[in-house]
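# Coordinates in review
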Amino acid sequence: MPDSLDTLQSLTSLTVHNATVALEQGLDAIRSGQTKFDLRNIKAVDSAAVSVMLTWQRAAQDAGGVLELKNLPNNLKNLTKLYGVCSLVSSTLSADDCASAGGHAERSPSDLHHH
């Protein structure tokens, strides 16, 4: 099956404010056979983003597929590393992507900026 149109490229944020809508949008895309989500346009994230992405992955697995999350912005990668779920979120992230940032001390939740 050819790659489906990536319906999530319109997302510019993935926060608690739009998590429910983004979650449903992703689940609808997975149900329609989409296997790749390009997240390059996401600029604002919070911990809700991690939960949404894990739920998308579970839905894809339950449907017998693997969801490829592409072009995760650095702030989103950093959150997945912070919570220890980097490799669960996307199989396209390398071991280097999921390793702690070189030259930086381990981060704690208190390092996150609140908005």
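Before reading on, note that the structure itself is shown above.
Bear in mind the structure is a predicted one, so any value in this text is a computation, not a measurement. Counting starts from 1 at the beginning of each chain's written sequence and moves along it residue by residue. Totals for whole chains, interfaces and linings use every residue, but because this is a predicted model, local features are given only for residues with pLDDT of at least 70 and side-chain atom pairs only at 80 or more, for both listing and counting. The basis for every side-chain value is the complete set of non-hydrogen atoms in the structure, without hydrogens or water.

### Here's the deal with helix 1 (residues 19–31)
Filter applied, for reference: Strands are runs of DSSP state E lasting at least 2 residues, helices are runs of H or I lasting at least 4, and numbering of each runs from the N terminus. A helix is expected to span 1.5 Å for every residue after the first. Only protein chains enter the accessibility calculation, which uses a 1.4 Å probe. A residue is then buried if its area is under 20% of the maximum for its type, exposed if over 50%, and partly exposed in between. Note that the arc is defined by the directions from the helix axis to the C-beta atoms.
Its 13 residues give helix 1 an end-to-end C-alpha distance of 18 Å, which sits within 8% of 18 Å, the value for a rise of 1.5 Å per residue. Those residues of helix 1 not exposed but buried are A19, A22, G26, L27, A29 and I30. Looking straight down helix 1, one finds its buried side chains confined to an arc of 160 degrees; they lie on one side. Opposite the buried face of helix 1, at more than 90 degrees from it, the exposed residues are T20, V21 and R31.

### Topic: the side chain of Q34
Put simply, the rule reads: Here a polar contact means two N or O atoms within 3.5 Å. Within protein one must be a hydrogen donor candidate and the other an acceptor candidate, and residues neighboring in sequence count only if both atoms are side-chain atoms.
By the secondary structure assignment, Q34 is in the loop between helix 1 and strand 2 (36–38). A residue is classified by how much of its surface remains accessible, and Q34, at 4% relative accessible area, is buried. A polar side-chain atom of Q34 sits 2.8 Å from the main-chain carbonyl oxygen of K36.

### Observations regarding the pattern of salt bridges
This is how it is decided: The salt bridge definition used is simple: a Lys or Arg side-chain nitrogen within 4 Å of an Asp or Glu carboxyl oxygen.
Enumeration over the complete set of coordinates arrives at two salt bridges. Residue D38 pairs with R40 through a salt bridge whose shortest N-O separation is 2.7 Å. Overall, the relative accessible area of 46% leaves R40 in the partly exposed class.

### What about the environment of I42?
Relative to the elements of secondary structure, I42 occurs in the loop between strand 2 and strand 3 (44–45). When the C-alpha atoms of I42 and T15 are compared, they prove to be 10.0 Å apart, with 27 residues separating the residues in sequence.

### Quick notes on the nonpolar core
Selection rule: Definition of nonpolar core: a set of buried residues of the types Ala, Val, Leu, Ile, Met, Phe, Trp, Tyr and Cys, connected through side-chain atoms within 4.5 Å. Contacts are assigned to residue pairs with any non-hydrogen atoms lying within 4.5 Å of each other.
If you look at the biggest cluster of nonpolar residues, it comprises 28 residues, and the most contacted ones within it are L14, F37, L39, M53, W56, L69 and L72. Those elements giving two or more residues to this core turn out to be helix 1, helix 2 (47–62), helix 3 (74–82) and helix 4 (86–89). Considering each element in turn, this core owes the most residues, seven residues, to helix 2. The residues contacting M53, other than those within four sequence positions of it, are L14, L39, L69, L72, L76, T80 and V89.

### Considerations on the state of the cysteines
Worth spelling out the cut-off: In this description, a disulfide is simply a cysteine sulfur pair whose atoms lie within 2.5 Å.
Applying the stated rule across the entire model yields one disulfide. One disulfide bridge connects C86 with C98, the sulfur atoms lying 2.1 Å from each other. The S-S bond linking C86 to C98 shows a torsion near -75 degrees; that makes this disulfide left-handed. Here the residue C86 occupies a position in helix 4, and C98 occupies one in helix 5 (residues 95–98), the gap between them amounting to 12 residues. Looking at C86, the relative accessible area reads 4%, which means it is buried.

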